[in-house]
Amino acid sequence: MAHLYPIYLHLAGKRCLVVGGGKVAERKIATLLEYETDVQVVSPEVTGCIDNWAAQDLIGWRQGEFRQEDMEGVFLVFIATGDGRVNQKVTALCRDRGILVNAVDDPPNCDFYVPSILRRDSLCLAVSTEGKSPLLAAKLRRELEASIPVEYGEWVEILGSLRAEIKNSTLDLQAKKQVLEALVYSDILELLREGKKEEVEERIGECMSSLRE
């Protein structure tokens, strides 16, 4: 079997269909809402939490069994019913329409797997075992949490703003690369962890000096 191609998707405003209304579906929906996704749910019954989200218009919920029409305008589909027949039916329709589908704990009916995620603002590390051991992926993610402090998120934001300034400068490509490397390999992260904001600004100024002369 070929290995999976890792990719990050922009889901803000895109319609994602969740088939099912139990606790597993609830967890999938909660994650999708973090990414400002247009979540639509179809299920005869849902948990109290899903019901509350629907009442607040955070998601759409059609009460009933899955119908082919539920797939109109859908970008991704998550199946969380635990019913193999439903999985196969929905997966077949998705593949006919070119819609990516994930059936929870049902690898043959998955076009993608959801990794275990460690996020520090814009820094996002995803660990996957290609569906073979989600527990191991979660264990590795917890180990990474201990070695990737929260300050990495702030550092990434700083680097993002400085990179834009460097790209728009008149320096040649080699000089731009040198400035970026000076920033990345500096001790700024350690200074952030120690709360030394003034020293951070000084070090940034030193690294950016060739740009601002």
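That block above? That's the structure.
Here the structure is a predicted model, which is why all the values come from computation and not from measurement.

The rules behind the values
- Residues numbered from 1 in each chain as written.
- Predicted model: local features only at pLDDT ≥ 70, side-chain atom pairs only at ≥ 80, totals over all residues.
- Heavy atoms only, no water.
- Helix = DSSP H or I, 4+ residues; strand = E, 2+ residues; numbered from the N terminus.
- Rg over C-alpha atoms; globule rule 2.2 N^0.38 Å.
- Buried < 20%, exposed > 50% of the residue type's maximum accessible area, 1.4 Å probe, protein only.
- Contact = heavy atoms within 4.5 Å.
- Areas by Shrake-Rupley, 256 points an atom, 1.4 Å probe, with all protein chains shown as cover.
- Lys, Arg positive; Asp, Glu negative; His and termini not counted.
- Charge placed at Lys NZ, Arg CZ, Asp CG, Glu CD.
- Phe/Tyr/Trp six-rings, centres within 6.5 Å; stacked < 30°, edge-to-face > 60°.
- Lys NZ or Arg CZ within 6 Å of the ring centre and 35° of its normal.
- Axes fitted to C-alpha atoms, helices over the stretch in contact; angles between N-to-C directions.
- Parallel < 35°, antiparallel > 145°, perpendicular 65-115°, else oblique.
- Left-handed = near helix turned anticlockwise from the far one by under 90°.
- Nonpolar A, V, L, I, M, F, W, Y, C, P; charged D, E, K, R; others polar.
- Salt bridge = Lys/Arg side-chain N within 4 Å of Asp/Glu carboxyl O.
- Expected span 1.5 Å × (residues − 1).

1. What about the overall build of the protein?
So, step 1. Helix and strand counts for the protein stand at nine helices and seven strands.
So, step 2. A compact globule built from 213 residues should have a C-alpha radius of gyration of about 17 Å, whereas the protein, at 22 Å, is more than 25% larger.
So, step 3. Taken over the C-alpha atoms alone, the protein extends approximately 65 × 40 × 35 Å along its principal axes.
So, step 4. Burial statistics for the protein: of 213 residues in total, 38% are counted as buried.
So, step 5. For the protein, restricting intrachain contacts to residue pairs at least 6 apart in sequence, the fraction spanning at least 24 positions comes to 51%.
So, step 6. A total of about 13,100 Å² of accessible surface is found on the protein, and carbon and sulfur atoms cover 51% of it.
So, step 7. Charge-centre separation for the protein: the mean point of 26 positive side chains lies 5 Å from the mean point of 35 negative side chains.

2. Overview of the packing of aromatic side chains
So, step 1. Enumeration over the complete set of coordinates arrives at one aromatic pair.
So, step 2. When the centroid spacing of 5.5 Å and the interplanar angle of 90° are considered together, the rings of F78 and F112 count as edge-to-face. Of this pair, F78 sits in strand β4 (residues 76-79) while F112 sits in the loop between β5 (100-103) and β6 (116-120); the two residues are 34 residues apart in sequence, bridging distant segments of the chain. F112 carries the same exposure label as F78, and that label is buried.
So, step 3. Sitting above the plane of the F75 ring, K14 keeps its charged end 5.5 Å from the centroid.

3. Focus: unusual backbone geometry
So, step 1. For E36, which is not a glycine, the phi torsion comes out positive at approximately 55°.
So, step 2. Along the polypeptide, E36 turns up in the loop between α1 (23-34) and β2 (38-43).
So, step 3. On the basis of relative accessibility, which here comes to 61%, the residue E36 falls in the exposed class.
So, step 4. Positive phi values are uncommon outside glycine, yet D105 reaches one of about 55°.
So, step 5. Mapped onto the elements, D105 comes out in the loop between β5 and β6.

4. Some remarks on the packing of α1 against helix α2 (residues 48-55)
When two helices pack together, you describe them by how their axes are tilted relative to each other and by the distance separating the axes.
So, step 1. Where α1 contacts α2, the axes come no closer than 9 Å and their chain directions differ by 40°. For the element pair α1 / α2, the angle class is oblique. As for the relative orientation of α1 and α2, their crossing is left-handed in sense. Along its contact with α1, which presents A25, E26, I29, A30 and L33, the element α2 presents C49, I50 and W53.
So, step 2. Class assignment for the residues of the contact of α1 with α2 results in seven nonpolar, no polar and one charged.

5. What about the pattern of salt bridges?
So, step 1. Taken as a whole and assessed by the stated rule, the structure comprises 13 salt bridges.
So, step 2. D38 is the partner of R15 in a salt bridge, and the nearest nitrogen-oxygen pair spans 3.1 Å. Of the two residues, R15 sits in strand β1 (residues 15-19) while D38 sits in strand β2, which places them 23 residues apart along the sequence.
So, step 3. By relative accessible area, D38 is classed as partly exposed at 26%.

6. Side note on helix α5 (residues 151-167)
So, step 1. For α5, which comprises 17 residues, the first-to-last C-alpha distance of 24 Å matches the rise-based estimate of 24 Å (1.5 Å per residue) to within 8%.
So, step 2. Among the residues of α5, E151, G153, W155, I158, L159, L162 and I166 are the ones counted as buried.

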